[in-house]
Amino acid sequence: MKRFEHLNAGSVDEAVKLLSAQNARAIAGGTDLLGVMKDQLLPTDRVVNLKTIPGLDYIKEESGELRIGALAKIADIAASGVVAQKAPALTNAALLVASPQIRNMGTLGGNLAQKVRCWYFRDVDRADCYKRGGGFCYAVLGASDLHAIFDGAACFAVQPSDTATALSALGASIVVAGPGGQKTVGVDDFFIGPHTDYTRETVLAQDEIITEVRIPASALGQPSLFIKAAPRKSIDFARGSVAVLLVGSPLIQSARISLGGVAPTPHRATEAESYLAGKRLTADVIGQAGTLAANGAQPLASNDYKVQLVQGLVRSALTRLAG
Amino acid sequence: MADSENTPQDAPPGAPQGDEPLSRRRLVVGGIAAVGAAAVAATAFSRAANAVTAQEISDRVVSADPSLCVGCLACEVNCSTWHASVGRSAVARIRILTDNTVKLNTQLAASLPKRAGFTPQTCKQCYTPWCLPNCPTEGLQIDPQTGDRFIDETQCIACGKCEVDCPVEFKGTLAYKAQAISSKRVMYDSVKNVYAKCDLCIGREGGPICVERCPVNAAIKAGYIKSDHLALDLKPSTEAQWKQLA
Amino acid sequence: MKFDPEQKFSVQWNWENYAMPTVLETPKWADVQPFIVEPGDAIGPYGAKGVGEPPTSPPAPAIANAIYNAIGVRIHDAPLTRDKVLAAIAQMKR
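Residues numbered from 1 in each chain as written. Chains lettered and ligands numbered in written order. Predicted model: local features only at pLDDT ≥ 70, side-chain atom pairs only at ≥ 80, totals over all residues. Heavy atoms only, no water.

J.: For this particular structure, what's the right way to read the confidence of the model for chain C?
T.: Any region with low pLDDT has predicted coordinates that should not be read closely. Looking at chain C, pLDDT values average 88 and 98% of them are 70 or higher. Across the whole predicted complex the pTM is 0.88, and at the interface the ipTM reaches 0.93. (pLDDT = per-residue confidence, 0-100.)

What follows is the structure, given as structure tokens:
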């Protein structure tokens, strides 16, 4: 690993100031950053430690919302009773992130801000792709098993975060701190696609950090669920995942369905959502919702299986919520 | 000034009216020069010089073979990114539309069977540059070396006359997010308040970035895909070529 | 092992992408029925045989046979992943 300086930030403001240096990156649990650095994916001259910022690891109810500090560990979110009760999709997701060791170190902020897992992006020696300053995407005509079936544009890497998918269905917002102060961004706007900027996955500038995630009152206590399809029972990133939030039972008033691992951002299955409004979860309705969720999919050479996977995941999630 | 009876808008795209608007322009310019307003004449004459040499076709226009397009949008994204990086409008000047009538090339269809048909569209670098005559500033220009019809965005005052006069549209559904599009091939950018069109990446070493970055082009050049022509290529914009472009 | 189809380099060059089954993928002990066959081969001490390496060979063909038994299609390309089974089912339906 190349030399880098490691600085402890005592506060959010200090972290923001320290992050404005060249090739500075924030570290919390380091479960993604250290891999990025060791594989030399992105130049890193300065690492700014956020773990020394006190008071950002809370999970609390405030102003009717469920608010989680960016430094809350995934393991703590997974074990939290209030999250399990009020926003079960997030509990499901947290439990399925990586492995126990990673959940013990990894934070919510880090999970949301992580870089993509595309095997070309992560292969510095043999692939010179868009996300690392090159001018090519190997997945378009190459090995595309992991890649996007929705909204790929120049780059086809998928959004890998399970918590992001769950939070998208929950309609959450993310509080970002930067040199200009603080701003709150909805999850679906926090993630940007390659059509907007393929060098970043999120709106975060180099000197901005996530400080908090807020789940709105409209989602709390409503039935929600997250399920994930991955090669193995642990450690793997989702090949496809779905988070569902239903309001109204047994007659659905509204639904939010977000798909993970199949697009560069959490992908809302809006046709399926509209279809479900005003319906009951019968077998036929569930079947049709699954079909609609995959509408508009544009598979590449080796990710066609994701189309059926999405349909199956949505049907499976709705069946569990119905029963 | 009776410039309105036979404006380029009336000319149907497939049946150009020759260079009537330019002939009229030459008459107008000649008239002003005759009055003797030297400075005005100098400016008008340089516009006329452009207008006269507008007879020259552009030696290049971006030309696509839809049967080789996999809709990856690398062209759109690179177009937008490069133009923004040199301070121009970030509007993508090449757009990919979905097109179910297009059958993908056999080799591509074998590996990408579920990928719908696509048609790339850009400014057609019209052999008669309809957009140019009514531009009130030095915005719309023709490069004297290449015939490239381009907009100098620093001069553009966003009056929209070029858009009105452009005879070609993007019409249909974009591959990106299945958005409907109905606009001319010269488009307004509300962020920079200018009009933008394919300018063949004028000023870029290596020429148009879309042609350079198309992954199907790369595969054809490397021999992985067998084809005697590229997916996205540059051709001279003759009248015959113009008719063939999407 | 997966390769980039054009330039032929491996895309599974680490433990993340080359997903070896872990202990969580093994059947539960209760579902595994051991059958000990004792042929009385006199080569090893007291007729003992090594069981470290040989068991690595049979599982793949056994699973391939099980898939054939279940869906009537033979898959000849390891690993026998779910997307291959899905593709095989689609093939079979034609």
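J.: Looking at this structure, I do not really get unusual backbone geometry. What am I missing?
T.: Residue and element names in this part refer to chain A. That bond from S249 to P250 is cis: its omega, 0°, falls within 30 degrees of zero. Tracing the sequence through the fold places P250 in the loop between β10 (240-247) and β11 (254-260). The phi angle at A154 is positive, at roughly 70°, despite the residue not being glycine. Secondary-structure assignment places A154 in the loop between α7 (108-113) and α8 (162-169). On the basis of relative accessible area, A154 is assigned to the buried category, the value being 1%. (Helix = DSSP H or I, 4+ residues; strand = E, 2+ residues; numbered from the N terminus. Buried < 20%, exposed > 50% of the residue type's maximum accessible area, 1.4 Å probe, protein only.)

J.: In this structure, what is going on with the sheet that holds strand β6 (residues 173-178) of chain A? I would like to understand it.
T.: Adjacent strands of a sheet form backbone hydrogen bonds with each other and so pair up, either parallel or antiparallel. Residue and element names in this part refer to chain A. The 5 strands lie next to each other as β4-β5-β8-β6-β7, forming an open sheet whose pairing is antiparallel. Among the strands making up the open sheet, the edge pair consists of β4 (59-62) and β7 (181-186). The average undirected angle you get between the axes of adjacent strands in this sheet is 25°. Direction of pairing for β4 relative to strand β5 (residues 65-69): antiparallel, over a ladder of 4 bridges. Its bridge partner being in β5, E62 is matched across the sheet by E65. (Pairing = 2+ DSSP bridges. Axes fitted to C-alpha atoms, helices over the stretch in contact; angles between N-to-C directions.)

J.: Can you help me understand helix α5 (residues 88-96) of chain A in this one?
T.: Every α-helical turn comprises 3.6 residues, leaving residues that sit three or four positions apart pointing alike. Listed as buried for α5(A) are A:P88, A:A89, A:L90, A:T91, A:A93 and A:A94. After α5(A) finishes, the residue A:A98 shows a positive phi value of roughly 45°.

J.: Hey, could you run me through the pattern of salt bridges in this one?
T.: Two side chains carrying opposite charge are able to pair once their charged atoms lie near each other. Considering all chains together, one arrives at 31 salt bridges over all chains under this definition. The salt bridge involving A:R268 is made with A:D188; its shortest N-O contact spans 2.8 Å. You can see A:R268 sitting in strand β12 (residues 267-268) and its partner A:D188 sitting in helix α9 (residues 187-190), a full 80 residues away along the chain. On the basis of relative accessible area, A:R268 is assigned to the partly exposed category, the value being 23%. You can call A:D188 partly exposed: its relative accessible area is 30%. Among the salt bridges present, the one from B:K114 reaches A:D304, with a minimum N-O distance of 3.0 Å. Remark: A:D304 occurs in the loop between α12 (283-293) and α13 (305-322) and B:K114 occurs in the loop between α4 (106-111) and β3 (118-121); the pair is interchain, linking two chains. The exposure class of A:D304 is partly exposed, given its relative accessible area of 29%. Salt bridges sharing partners connect three or more residues here, namely A:D32, A:R117, A:R122 and C:E16. (Salt bridge = Lys/Arg side-chain N within 4 Å of Asp/Glu carboxyl O.)

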